[in-house]
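# Structural overview for review
If you want the building blocks of each chain, they are given just below.
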Amino acid sequence: MLRWLVLAAVLVSAGNAVVRKAFNIGSNAFLEIQWYAFAAVFMLGSGYVFLRNGHVRIDFLSNRLSTRANAIIDLLGILMVLTPFSWLLIDLSYPLFTQAWHSGEMSQNAGGLVRWPVMLLIPLGFTLLWIQAFSEIIKRVAYLRGHLEHPFSVENSHATAPASPAPEGQA
């Protein structure tokens, strides 16, 4: 679904630019749709990126550490930074969404859109990230206790990817 939002943002952006340059017609609504889609991709995609272990790490450090050390660092970071930060942003952003919903808040730009859909993305995105954080805590603890072979999704993890064997005769 997020791929389609990226495509929509690109198409709206390109279409808006063409119409503005070719016909001297601009639309604030199209500009806002573009950044609503962009915001949705990042807010709703953060939990998925965390699930797939695609988030940013300091590779020159994490590649030098053992998988166990990386799991401990991740566990501490999730517990001490990610979960409290996510909860704080959920707690602070939900009232903003409800206020925008009840007041029918509109963009200040002429021809702009209602604001509650984009305001909803903030608590929703951080809730998804918060839920995924608990899943990652469970994985890291299970790995550290010896119940899992890998603490990370093998799909994107450099720390857990096995080295590919050399072809026969090329050792």
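Rules behind the numbers
Residues numbered from 1 in each chain as written. Predicted model: local features only at pLDDT ≥ 70, side-chain atom pairs only at ≥ 80, totals over all residues. Heavy atoms only, no water. Helix = DSSP H or I, 4+ residues; strand = E, 2+ residues; numbered from the N terminus. Polar contact = N/O pair within 3.5 Å; in protein donor to acceptor, adjacent residues only side chain to side chain. Buried < 20%, exposed > 50% of the residue type's maximum accessible area, 1.4 Å probe, protein only. Core = buried A, V, L, I, M, F, W, Y, C linked by side-chain atoms within 4.5 Å. Contact = heavy atoms within 4.5 Å. pLDDT = per-residue confidence, 0-100. Phe/Tyr/Trp six-rings, centres within 6.5 Å; stacked < 30°, edge-to-face > 60°.

With that settled, consider the side chain of Glu-136. Position of Glu-136 relative to the elements: it lies in helix α5 (residues 116–144). Within polar-contact distance, the side chain of Glu-136 engages the side chain of Lys-139 at 2.9 Å.

Okay, the environment of Arg-3 next. Within the element layout of this structure, Arg-3 appears in helix α1 (residues 2–23). Its relative accessible area of 74% is what places Arg-3 among the exposed residues. Sequence separation of Arg-3 and Val-41 is 38 residues, and the distance between their C-alpha atoms is 8.1 Å.

One finds Phe-50, Val-118 and Leu-121 to be the most contacted residues of the largest nonpolar core, which totals 19 residues. Of all the secondary-structure elements, those providing two or more residues to this core are α2 (28–51), α4 (67–103) and α5. The dominant element in this core, judged by the number of residues it contributes, is α5, at 7 residues. For Val-118, the residues in contact, after removing those within four places along its chain, are Trp-35, Tyr-36 and Ala-39.

The next thing to look at is the confidence of the model for the chain. When pLDDT is averaged along the chain, the result is 85, and 89% of the positions lie at 70 or above. Overall, residues 156–171 carries pLDDT values under 50, and its contacts beyond four positions in sequence, including any with other chains, amount to 16 contacts.

Let us now look at the environment of His-150. Assignment of secondary structure puts His-150 in the segment after α5. For His-150, a relative accessible area of 27% puts it in the partly exposed group. Separated by 82 residues in sequence, His-150 and Arg-68 have C-alpha atoms that sit 9.3 Å apart.

With that settled, consider the packing of aromatic side chains. Applying the stated criterion to the full structure yields 9 aromatic pairs. Both rings, one in Phe-97 and one in Trp-101, keep their centres 6.3 Å apart while their planes meet at 50°; by these two values the pair is tilted. Pair noted here: Phe-97 and Trp-101 are both in helix α4, with a separation of 4 residues, about one helical turn. Overall, the relative accessible area of 11% leaves Phe-97 in the buried class. For the ring pair Trp-101 and Trp-116, a centre distance of 4.6 Å and an interplane angle of 80° mean the geometry is edge-to-face. Of this pair, Trp-101 sits in helix α4 while Trp-116 sits in helix α5, and the two are 15 residues apart along the sequence.

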